[in-house]
Amino acid sequence: MSRFAYSLAISTLLTVVVGAGARADDYTVDPAHSAAVFRVSHLGLSWTYGRFKDVSGSFAVDPQNPSGTLFYLTAQVGSIDTDNAKRNEHLKSPDFFDAAQYPTVTFKSTSARPVEGGYEVAGDLTLHGVTKPLTIILKGGRSAEFPKGVQRTGYVTEFTIKRSDFGMDKMVGAVGDKITVELSFEGTKQ
């Protein structure tokens, strides 16, 4: 092997090794330790609370290169639970979420930048077949090992959307237009 070929081989190997060390850490959302909870006004008198019991997704965190930090989260509309079976069925109907036609709510990030205590994440929220940009602040990012050998990290955020922006405009007034969402998720490192 010529000196040039040897140098090229070593340089390529170093690039691959260093590049591999700089890649993001990949996580799978742990549904048992994740929640999407919401609240909406009822007649302007009180709050009705609900949650999506089936939250999943994945994310990649790269502290050295924020552009390599990505989040993809999904909630199954059929898992909605407001602690009232009749209301749950109404929310799944075409009057609201239309779970048969739009079975998921998704958030897919398009960019992330570090902020104190976490990340400012811009992305696309798809709800009721409509996609709108959404920017959230994800707080967290601490790591823990549980159970032994399983590395975890997690984030929380709270944001407000208008359901009418997503074509969910039935009964606005009786049921508030603004929905406050609290999202908390934990991932296990792959």
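Look up a bit, the structure's there.
Everything numeric here is computed off the predicted structure, so don't read it as measured data.

J.: What am I meant to see in the pairing of strand S1 (residues 25-29) here?
T.: Each regular strand carries side chains that alternate between the two faces of the sheet. Note that S1 and strand S4 (residues 55-61) share 4 bridges and pair antiparallel. Of the residues in S4, the one forming a bridge with Tyr 27 is Phe 59.

J.: Teacher, can you tell me more about the environment of Asp 95 here?
T.: Counting through the fold element by element, Asp 95 comes out in the loop between helix H2 (85-92) and strand S7 (104-115). Counting along the chain gives 73 residues from Asp 95 to Met 168, while the straight-line C-alpha distance between them is 7.5 Å. Apart from the residues within four sequence positions on either side, Asp 95 is in contact with His 90 and Lys 170.

J.: How should the pattern of salt bridges be read in this particular structure?
T.: Should their charged atoms come close, side chains of opposite charge can pair. If you walk through the whole model with that rule in mind, you get 6 salt bridges. Between Glu 186 and Arg 152 there is a salt bridge, with the nearest N and O atoms lying 2.8 Å from each other. One end of the pair, Glu 186, is in strand S11 (residues 175-189); the other, Arg 152, is in strand S10 (residues 151-162), and 34 residues separate them in sequence. Its relative accessible area of 11% is what places Arg 152 among the buried residues. In the salt-bridge network here, residues are joined through shared partners; they are Asp 30, Arg 152 and Glu 186.

J.: What is the right way to read the nonpolar core from this model?
T.: Side chains of a nonpolar character, in soluble globular proteins, are inclined to be buried together. One finds Phe 59, Phe 97, Val 121, Tyr 155, Ile 161 and Phe 185 to be the most contacted residues of the largest nonpolar core, which totals 38 residues. Of all the elements, S11 adds the most residues to this core, at 5 residues. When neighbours within four sequence positions are excluded, Val 121 is seen to be in contact with Phe 71, Phe 107, Ser 109, Ser 111, Ala 112, Leu 134, Thr 135, Ile 136 and Leu 138.

J.: Can you help me understand the environment of Ser 67 in this one?
T.: In this fold, Ser 67 is placed in the loop between S4 and strand S5 (70-76). The spacing of Ser 67 and Thr 110 is 43 residues in sequence and 8.8 Å in space, taken between C-alpha atoms. Within the local environment of Ser 67, its side chain forms a polar contact with the side chain of Asn 65, the two groups lying 2.7 Å apart.

J.: Even after reading the chapter, I still don't get the packing of aromatic side chains, so can you show me in this structure?
T.: Each aromatic ring pair is characterised by the separation of its centres together with the angle its planes make. Taken as a whole and judged by the stated rule, the model has 10 aromatic pairs. On the numbers, 5.5 Å between centres and 20 degrees between planes, the contact of Phe 59 with Phe 71 is stacked. One end of the pair, Phe 59, is in strand S4; the other, Phe 71, is in strand S5, with 12 residues separating them in the sequence. With respect to burial, Phe 59 and Phe 71 carry one shared label: buried. Across from the ring centre of Trp 47, 5.0 Å away, lies the NZ or CZ of Arg 39, which sits over that ring.

What counts and how
Residues numbered from 1 in each chain as written. Predicted model: local features only at pLDDT ≥ 70, side-chain atom pairs only at ≥ 80, totals over all residues. Heavy atoms only, no water. Pairing = 2+ DSSP bridges. Helix = DSSP H or I, 4+ residues; strand = E, 2+ residues; numbered from the N terminus. Contact = heavy atoms within 4.5 Å. Salt bridge = Lys/Arg side-chain N within 4 Å of Asp/Glu carboxyl O. Buried < 20%, exposed > 50% of the residue type's maximum accessible area, 1.4 Å probe, protein only. Core = buried A, V, L, I, M, F, W, Y, C linked by side-chain atoms within 4.5 Å. Polar contact = N/O pair within 3.5 Å; in protein donor to acceptor, adjacent residues only side chain to side chain. Phe/Tyr/Trp six-rings, centres within 6.5 Å; stacked < 30°, edge-to-face > 60°. Lys NZ or Arg CZ within 6 Å of the ring centre and 35° of its normal.

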